[in-house]
Amino acid sequence: MAMAQVQTVCKVLVDGDLFSFRGAPSNSALEMVAAAVPHATGEHAYQKEMLAAASTVLASARDAVEAEIKVCREQGEAACTAISDAQEALGAASATTQQAQLLLEETQAALEKQAAKAAMAKREEQRAKQEEKMARESKDVVLKRKVAVDASMASVQAAEDGETDDINADEISEVLRAASCEKTLLEAFPTAVSLPKAKRGKFDRITLEEVKDVISGHGAMQQAQLDEAQALARDCWAEALGCEALMEVEQERLEAASQAVRKAEALIEAKTAAESSARNLVAAREAERSSALVMQTLAEEKLSKAQQALTALEKLLEGVIPDALQDGVGEKLADDTKVPHSPQLGA
């Protein structure tokens, strides 16, 4: 039993990990004490001094390890608090990321809806412009016919008054045909209109009067058609302007919706990055806690060694080791108490 106790004390004395604290004895000092322990159980003052030195060295190691354990525990507790705070921050970051995602989805849906409205407004604007163009062209055709009718009426009136030099009978005949004039009147008109006023007979005068009546009736019809075409052209023009204005409004809303989506995308990118940072922080704090627990476990193992050595030393102090046992322990520990070369940690 005594040999085992001596071995325990000596092995602990030369344990480099146990004596790595600041202010620990040098390796040479530890080797000297460890070599003296198997022979230090007598009544000689030097022997007692060596046992006391061993006790002091082991106690200092124990105290250093206990302080180390305290620090590790404090670090572990601080890490737990930091983990809790980091997890809370992560939860908040995740919530804001979800909100940003919902906002993005809402803005994307609004953009899709607005794009459909803008497309519809564009089609309506194109339709209104096409209808306005057709109405304008139709009005121009009717106006041209009305101008021709008015010119023909003026020519016939001038012919009645005796001014026949600039009469274009063919154009007037074209107007009469457009007015569905009777064939007999249409055939009689060129002769009546070309005769000088003094040479016209009663039939010629009646012919010109009837031509005027036909042209007047046709002119009234053309005027009615022109009024209707002008009204339609004005309505189409107003509708085209309204559709163009609506299209511009819808396009502005589309751009605003697109900008909202871009902002939402930038926001979710920032929130995702923040959530990632928060998650990394949680992992870092958990790593710190794990490191503190590992260091605490290692320190507790060192404390156990120191306590075992101190207990063995106390038992050695209670009795005296026989000389033969001392010699056997010394030989057995000759190799066990050798300390690998390492920098001294302080005397």
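Residues numbered from 1 in each chain as written. Predicted model: local features only at pLDDT ≥ 70, side-chain atom pairs only at ≥ 80, totals over all residues. Heavy atoms only, no water.

Caption draft 1: How the structure looks around the overall build of the chain. Within the chain, the regular secondary structure consists of 7 helices and 0 strands. Its helices and strands taken in sequence order, the chain reads α-α-α-α-α-α-α from the N to the C terminus. The buried share of the chain, reckoned over its 347 residues, is 35%. Considering only residue pairs separated by 6 or more positions, the chain has 83% of its internal contacts joining residues 24 or more positions apart. Counting every atom, the chain has about 20500 Å² of accessible surface; 54% of that belongs to carbon and sulfur. (Helix = DSSP H or I, 4+ residues; strand = E, 2+ residues; numbered from the N terminus. Buried < 20%, exposed > 50% of the residue type's maximum accessible area, 1.4 Å probe, protein only. Contact = heavy atoms within 4.5 Å. Areas by Shrake-Rupley, 256 points an atom, 1.4 Å probe, with all protein chains shown as cover.)

Caption draft 2: Main features of the environment of glutamine 101. Secondary-structure assignment places glutamine 101 in helix H3 (residues 45-160). Considering only alpha carbons, one finds glutamine 101 and isoleucine 268, 167 residues apart in sequence, at a separation of 6.2 Å.

Caption draft 3: Region of interest: the packing of aromatic side chains. Scanning all chains against the criterion turns up 1 aromatic pair. A centroid spacing of 6.3 Å and a plane angle of 40° characterise the contact between phenylalanine 19 and phenylalanine 21, whose relative ring orientation is tilted. The buried category is assigned to phenylalanine 19, whose relative accessible area is 3%. Owing to a relative accessible area of 19%, phenylalanine 21 belongs among the buried residues under this scheme. (Phe/Tyr/Trp six-rings, centres within 6.5 Å; stacked < 30°, edge-to-face > 60°.)

Caption draft 4: A negative patch on the surface, seen in detail. Where like charges cluster on the molecular surface, the negative patch consists of Glu182, Glu209, Glu210 and Asp213. As for its position among the elements, glutamate 210 is in helix H6 (residues 202-318). Taking relative accessible area as the criterion, glutamate 210 reaches 40% and is therefore assigned partly exposed. (Patch = residues over 30% accessible without salt bridge, like charges linked within 9 Å, V, L, I, M, F, W, Y side chains within 5 Å. Salt bridge = Lys/Arg side-chain N within 4 Å of Asp/Glu carboxyl O. Lys, Arg positive; Asp, Glu negative; His and termini not counted. Charge placed at Lys NZ, Arg CZ, Asp CG, Glu CD.)

Caption draft 5: Molecular detail of the nonpolar core. Ranked by internal contacts, the top residues of the largest apolar core, which has 30 residues, are Val9, Leu13, Leu18, Phe19, Val37, Leu58 and Leu313. Among the elements of the structure, helix H1 (2-13), helix H2 (27-36), H3 and H6 are those that each provide at least two residues to this core. Look past the residues within four positions of valine 37 in its chain and what remains in contact with it is Val6, Val9, Cys10, Leu13 and Ala54. Ala159, Cys181, Leu208 and Ile215 belong to the second largest nonpolar core, which has 16 residues in total. (Core = buried A, V, L, I, M, F, W, Y, C linked by side-chain atoms within 4.5 Å.)

Caption draft 6: Here's a closer look at helix H4 (residues 169-178). The set of residues buried in H4 consists of Ile172, Ser173, Val175 and Leu176. Burial along H4 is one-sided: seen end-on, the buried residues are contained in an arc of 160°. Among the exposed residues of H4, those pointing more than 90 degrees away from its buried face are Asp170 and Glu171. Here H4 starts with a cap whose side-chain oxygen sits 3.2 Å from the backbone nitrogen of aspartate 170, and that cap is asparagine 168. (Arc of directions from axis to C-beta. Polar contact = N/O pair within 3.5 Å; in protein donor to acceptor, adjacent residues only side chain to side chain.)

Caption draft 7: Here's a closer look at the confidence of the model for the chain. A residue-level look at the chain finds 89% of positions with pLDDT of 70 or above and a mean pLDDT of 86. The element-level mean pLDDT for the chain is lowest in helix H7 (residues 323-336), coming to 41, with H6 highest at 93. (pLDDT = per-residue confidence, 0-100.)

Caption draft 8: Region of the structure containing the packing of H4 against helix H5 (residues 183-194). Two elements in contact, H4 and H5, have axes separated by 10 Å at closest approach and are oriented at 150°. Taken as axis vectors, H4 and H5 run roughly antiparallel relative to one another. In this structure, H4 crosses over H5, and the sense of that crossing is right-handed. Packed against H4, whose contacting residues are Ala169, Ile172, Ser173, Leu176 and Arg177, the element H5 presents Leu186, Phe189, Pro190 and Val193 at the interface. Partitioning the contact of H4 with H5 into residue classes produces 7 nonpolar, 1 polar and 1 charged. (Axes fitted to C-alpha atoms, helices over the stretch in contact; angles between N-to-C directions. Parallel < 35°, antiparallel > 145°, perpendicular 65-115°, else oblique. Left-handed = near helix turned anticlockwise from the far one by under 90°. Nonpolar A, V, L, I, M, F, W, Y, C, P; charged D, E, K, R; others polar.)

Caption draft 9: Local environment of unusual backbone geometry. In this model, serine 180 sits at a positive phi of 60°, which is unusual for a non-glycine residue. As for its placement among the helices and strands, serine 180 is situated in the loop between H4 and H5. Accessibility expressed as a relative area gives 66% for serine 180, which makes it exposed.

Caption draft 10: View of the environment of alanine 270. Among the secondary structure elements, alanine 270 is positioned in helix H6. Taking C-alpha positions, alanine 270 is 8.7 Å from threonine 97, a pair spaced 173 residues apart along the chain.

Caption draft 11: Representation of the pattern of salt bridges. Scanning the entire structure with this criterion turns up 18 salt bridges. Notably, a salt bridge pairs glutamate 250 with arginine 253, separated by 3.5 Å at the nearest N-O pair. In this pair, glutamate 250 and arginine 253 are both assigned in helix H6, 3 residues apart and thus about one turn of the helix distant. By relative accessible area, which is 46% here, arginine 253 ends up partly exposed. Measuring nitrogen to oxygen at the nearest pair gives 3.1 Å for the salt bridge that ties arginine 285 to glutamate 288. Here arginine 285 pairs with glutamate 288, and both are found in helix H6, just 3 residues apart, close to one helical turn. The exposure class of arginine 285 is partly exposed, given its relative accessible area of 25%.

Caption draft 12: Representation of the side chain of serine 152. Its location among the elements puts serine 152 in helix H3. Its relative accessible area of 4% is what places serine 152 among the buried residues. Apart from the residues lying within four places of it in its own chain, the contact partners of serine 152 are Glu171, Ile172, Val175 and Ile215.

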